[in-house]
Structures are given as C-alpha cells and as structure tokens.
Amino acid sequence: MKILFTPTMAPAVAEIGESLLPAGFSLEYLAPANDAERRRDQLEQADFLMGFFSGSRLSPDDYRLLRKTRLLQLLSAGYDGIDLELLRSLGLPLADNGGANAVAVAEHTILMMLAVYRQLLVLDPLVRSGAWKASAMGEEQAYELEGKTVGIVGAGRIGRGVARRLAGFDVRTLYYDPVRVPANEEAALKLTYCEFDDLLRQADIVTVHAPGNSSTHHMIGAGALSRMKPTSVLINCARGELVDEAALHAALRDGTIAGAGIDTFEQEPPNPQNPLFSLANIVLTPHAAGPTWESWPKRYRNGYENIERVARGEPPRWIVPELRDLLAGAAVRG
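Small disclaimer: the values here were computed from a predicted structure and weren't measured. What you see as residue numbers is a count from 1 along each chain, following the sequence as written. Local features in a predicted model are, by the rule used here, given only for residues with pLDDT of at least 70; side-chain atom pairs are given and counted only at 80 or more, and totals for whole chains, interfaces and linings are based on all residues. Side-chain measures here rest on the full set of heavy atoms in the structure, leaving out hydrogens and waters.

(A) Spotlight on the overall build of the protein chain. Strands here are runs of E lasting at least two residues and helices are runs of H or I lasting at least four, both read from the DSSP assignment and numbered beginning at the N terminus. Looking only at helices and strands, the protein chain has 12 helices and 12 strands in total. For a compact globule of 334 residues, the expected C-alpha radius of gyration is about 20 Å, and the protein chain comes in at 22 Å, within 12% of that figure. Judged by the C-alpha coordinates and their principal axes, the protein chain covers about 65 × 50 × 35 Å. Exposure is judged per residue with a 1.4 Å probe applied to protein chains only, and the accessible area is read against the type maximum: over 50% gives exposed, under 20% gives buried, and values in between give partly exposed. A buried classification covers 49% of the 334 residues belonging to the protein chain. Side-chain charges of the protein chain comprise 34 positive and 41 negative groups, with the mean position of each set lying 4 Å from the other. C-alpha atoms define the radius of gyration, and 2.2 Å times the number of residues to the power 0.38 defines the globule rule. For the purpose of counting charges, residues Lys and Arg are taken to be positive, whereas Asp and Glu are taken to be negative. His and the chain ends are not included. The location of each charge is read from NZ of Lys, CZ of Arg, CG of Asp or CD of Glu.

Below you can see the structure in the form of structure tokens.
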C-alpha cells in the first residue's frame, strides 16, 4: 500500500521515517505543484496521506483527488488551517499524532516559565558583553517557581504533561477545561479544577494548551488579560490564534501583566515588525516547542501504527474531535 508524504523533510528526519516504514507499505513524497501531472497521479493513487497539511501545502483540489485515500495521518498535534468541512464532505478522516510531541511541548512550557522568571534573555547578553551584572546585589528581578500558582488552560495530553512536570516545583496547580479530568487523575496530578475567569485571577502563571478553533480564538484577549494579576506571566506553546497579540502587546507595555513566553503566533512566520518584538518582558521562540529530535521516531511510529490499523480494517485512533462522527457514519471510506 502506498503512503504519500508531504512536505519533503530534512534528510536526517526523512531517514528516520524511512527506517521505521512497516513491511508491505511504500513511502513516496508528494511532487511540488509545478509538477502537476505527477502530483495528480500521486494523489489519485495514494492509500494514505501522512505528514503536515496545514496552511497552503494542499489545495481543495488536491484533497478532491484523494479518491482511494483511507486516512489522513498528521505528524503534528495541530490541524488549524485544514478545511474540516471539505474533509467531511469527502469522507476523509483526519488523525493527529497521538501525543507524540506532548513531552517536548510540556518541557518547553516549563522552559518558558523559567526563562521569563529568571530573566534568561537579559542575563545571557550581559555575560557575553562583559557587563556581568546590571543590578546591585539584592536588586535582581528574578523569581522562583516554588510557592506560585500555575493555571493550566486545557488539560489534554500536553496540559497534563505540564502538570506532571510542575509537581517537582512545589507549586499549586489549577486547571480549566470544558471536560473535567477524572477525579483519580486530578488527585494524582495535584490538579484543582477552576472556572476560567477564577483561574485568571488566581494564577501567577497562566499557560494555555487548548486547540485552535472558533470557540478558543482570542480566548486570551484584553478582557482575559485585565483579569490577570499585574505580576502574572502568560505562556503560549499551543496555537497562535488563542492569544490576541495586539491586546497582549498593550498588556505587557502598560504593566497589566508582568511578562510572557510565546512560541506560537497568529501569523507564522510573524511579520518582522511585530510590536511584540520590541518588548523586553517577553521570551519568544519560533514554534519550536514540538520538534525535538526524540519526537520524530514517536511521530512516525504513531502514524504508521494508525495506518496499519486502518489497513487491517480496524478504526483509526486519534481522529480529530470535529470528524469523529465520520467513523460511525456511512461517509467514511473502507
């Protein structure tokens, strides 16, 4: 069976994917749009499509050519920018990566908390420039996690992973999610459920781990930021559209909140003139939380295992919530 992959990956990552390819499957990379005839033939013959599909990598016409395709298997957790209604009309199920990058993103979230609290981006240039320290002894504006209240918005795989890693820092951990975590898991993770607005008011650090969709768009806007403490910090290692960047800029500039750590942006790559870039109280990374070296074998293994399930006639795992009803309906392809 043919697995069609997009986009072309870095050679070292592609080698991982090819080394893990299960028996009985072939892996082929999707031709660029300027090789239209070959691309059309590949799409029409693909049994499975695998990789990263967000943005403009695939057009609506590309999806319509997937007449044989039984599963779209993402190597990413996010699926924003994919036309889910088009997939529904075509009976094409879409699966995420099954948490393959959850460890990476949870660790990066802790990194961002510490980088903001310990003024990492201020201290590193001081040492490199020979200035050593800018403040007199006792005037440092660095803080500890111990004793703080951390509010986790979204308690899925990554949110729970963050909670698990925070346990060793002796913090109080609140969470908000429309779906409550089972009581035994709340206890094990030392999580306390809290309504969204209450979480914003109580937390010293707010970290968002929600999916990007119409219900979460700009969930952190001017109103939410105004309810946070002036000493609080916002972390976003989830989706850029969760945060209203204009409102965040104003909040950081005016002292409504103290700092932020941002890995994802409303526009990616962001405009080089993004006003956030002019602020000293924000740590920025280029949507780099997920793709650690260790995550690549996990991504490929999860993807291949899901594809093998479908090839055996079993239902796929990790179908995105908006399309789960396809599995029970006549529209899904067998």
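(B) Here's a closer look at the packing of aromatic side chains. Within 6.5 Å between ring centres, the rings of Phe, Tyr and Trp (the latter by its six-membered ring) count as paired, and their orientation is classed by plane angle as stacked under 30 degrees, edge-to-face over 60, tilted in between. All chains considered together, the criterion is met by 10 aromatic pairs. A centroid spacing of 6.0 Å and a plane angle of 55° characterise the contact between Y117 and Y143, whose relative ring orientation is tilted. Residue Y117 is found in helix α5 (residues 102-117), and its partner Y143 is found in the loop between α6 (120-129) and β6 (149-153); the two are separated by 26 residues along the sequence. Residue classification places Y143 among the partly exposed positions, given a relative accessible area of 40%.

(C) Fine view of the sheet that holds β6. A pair of strands counts as paired when DSSP detects no fewer than two bridges linking them. On the basis of which strands lie adjacent, the open sheet formed by seven strands has the order β8-β7-β6-β9-β10-β11-β12 and parallel pairing. Edge strands, defined here as strands with exactly one partner in the open sheet, are β8 (191-193) and β12 (282-284). Across the sheet, the mean angle from the axis of one strand to that of its neighbour is 20°, orientation sign disregarded. Bridging between β6 and strand β9 (residues 205-208) involves four bridges; their strand directions are parallel. Its bridge partner being in β9, G151 is matched across the sheet by V206. On the sheet, helix α7 (residues 157-166) packs against β6, β7 (172-176) and β8 and is oriented at approximately 165° with respect to β6. Where helices are involved, their axes are fitted lines through C-alpha atoms of the stretch in contact, as for all axes, and angles between N-to-C directions lie from 0 to 180°. Here a residue-residue contact requires only that any non-hydrogen atoms of the pair lie within 4.5 Å.

(D) Seen up close, the pattern of salt bridges. Salt bridges are counted wherever a side-chain nitrogen of Lys or Arg sits within 4 Å of a carboxyl oxygen of Asp or Glu. Counted under the stated rule, the structure contains 19 salt bridges. Ionic pairing is found between D124 and R128, a salt bridge with its closest N-O pair at 2.5 Å. You can see D124 and its partner R128 sitting in helix α6, four residues apart, about one turn around the helix. Beyond isolated ion pairs, a larger network of salt bridges with shared partners links R40, E44 and R67.

(E) Main features of the sheet that holds strand β4 (residues 71-74). The strand order across the open sheet built from five strands is β2-β1-β3-β4-β5, with neighbouring strands paired in parallel fashion. The strands lining the two open edges of the sheet, one partner per strand, are β2 (26-29) and β5 (94-95). As judged from the four bridges shared by strand β3 (residues 48-51) and β4, these two strands associate in the parallel manner. Looking across to β4, one finds that M50 is bridged to Q73.

(F) A look at the nonpolar core. What is meant by a nonpolar core is a set of buried Ala, Val, Leu, Ile, Met, Phe, Trp, Tyr and Cys residues, joined one to another through side-chain atoms within 4.5 Å. Counting 42 residues, the largest nonpolar core has F53, Y63, L72, I82, L87, L94 and Y300 as its most contacted members. Taken together, the elements giving at least two residues each to this core come down to β1 (2-6), α1 (11-19), β3, β4, α4 (84-90), β5 and α12 (295-311). In terms of residue count, the dominant contributor to this core is α12 (five residues). Once residues within four sequence positions are removed from consideration, Y300 is found in contact with F5, M9, V13, A14, I16, G17, L20, M50 and L75. Y176, A238, L242 and L279 belong to the second-largest nonpolar core, a separate cluster that totals 31 residues.

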